[in-house]
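Overview (structure and organization)
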Amino acid sequence: MHTLLPQYDSGMSVDKLSISFDAELGNDVRNAARQSGRGLSAWLADAARAKLRADSFAAFLADWEREHGALTPEELSRAEAELGLRSEAPSP
């Protein structure tokens with residue numbers, strides 16, 4: 001039987017949420033999910049996971065900097081390069 005609803009493993013619990021976006025953001029989210037080939041719920045779950053990871057990492061860095069001092073521009077530049085976050089080489 002084919003269904004339009006996502007299929008979940010029988011052991012997976014699901015928390016259904018109702019969310020609201022402004023119209024433009026809602027359209028952008030639906031389009032991004034469609035372009036990714038994933039369902040809207042899966043796309044939003046991935047986005048939520050990414051945001052939670054980013055927030056956790058930001059909290060870790062803030063704690064680390066409180067204990068060890070602020071990262072230097074050189075350390076930040078090296079991290080950007082190693083993480084592939086910089087699209088071009090830094091100026092000398």
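Refer to the preceding data block for the structure.
For clarity, every value in this text was computed on a predicted model and none was experimentally measured.

**Digging into the pattern of salt bridges**
Counted according to the given criterion, the structure contains five salt bridges. Taking the shortest distance from any N to any O, the salt bridge between D46 and R38 comes out at 1.9 Å. Overall, the relative accessible area of 33% leaves D46 in the partly exposed class. Residues D55 and K51 are paired through a salt bridge, measuring 2.8 Å at the closest nitrogen-oxygen approach. Taken together, the positions of D55 and K51, both in helix α2 (residues 40–68) and four residues apart, correspond to about one turn of that helix. Several salt bridges share partner residues, and in doing so they unite R38, D46 and R49 into one network.

**A word on the packing of helix α1 (residues 23–36) against α2**
Where α1 meets α2, the closest approach of the two axes is 9 Å, and the angle between their N-to-C directions is 105°. With respect to their mutual orientation, α1 and α2 come out roughly perpendicular. For the pair formed by α1 and α2, the contact residues are V29, R30, A32, A33 and S36 on the first element and L40, W43 and L44 on the second.

Reading guide: rules and limits
- Residues numbered from 1 in each chain as written.
- Predicted model: local features only at pLDDT ≥ 70, side-chain atom pairs only at ≥ 80, totals over all residues.
- Heavy atoms only, no water.
- Salt bridge = Lys/Arg side-chain N within 4 Å of Asp/Glu carboxyl O.
- Buried < 20%, exposed > 50% of the residue type's maximum accessible area, 1.4 Å probe, protein only.
- Helix = DSSP H or I, 4+ residues; strand = E, 2+ residues; numbered from the N terminus.
- Axes fitted to C-alpha atoms, helices over the stretch in contact; angles between N-to-C directions.
- Parallel < 35°, antiparallel > 145°, perpendicular 65-115°, else oblique.
- Contact = heavy atoms within 4.5 Å.

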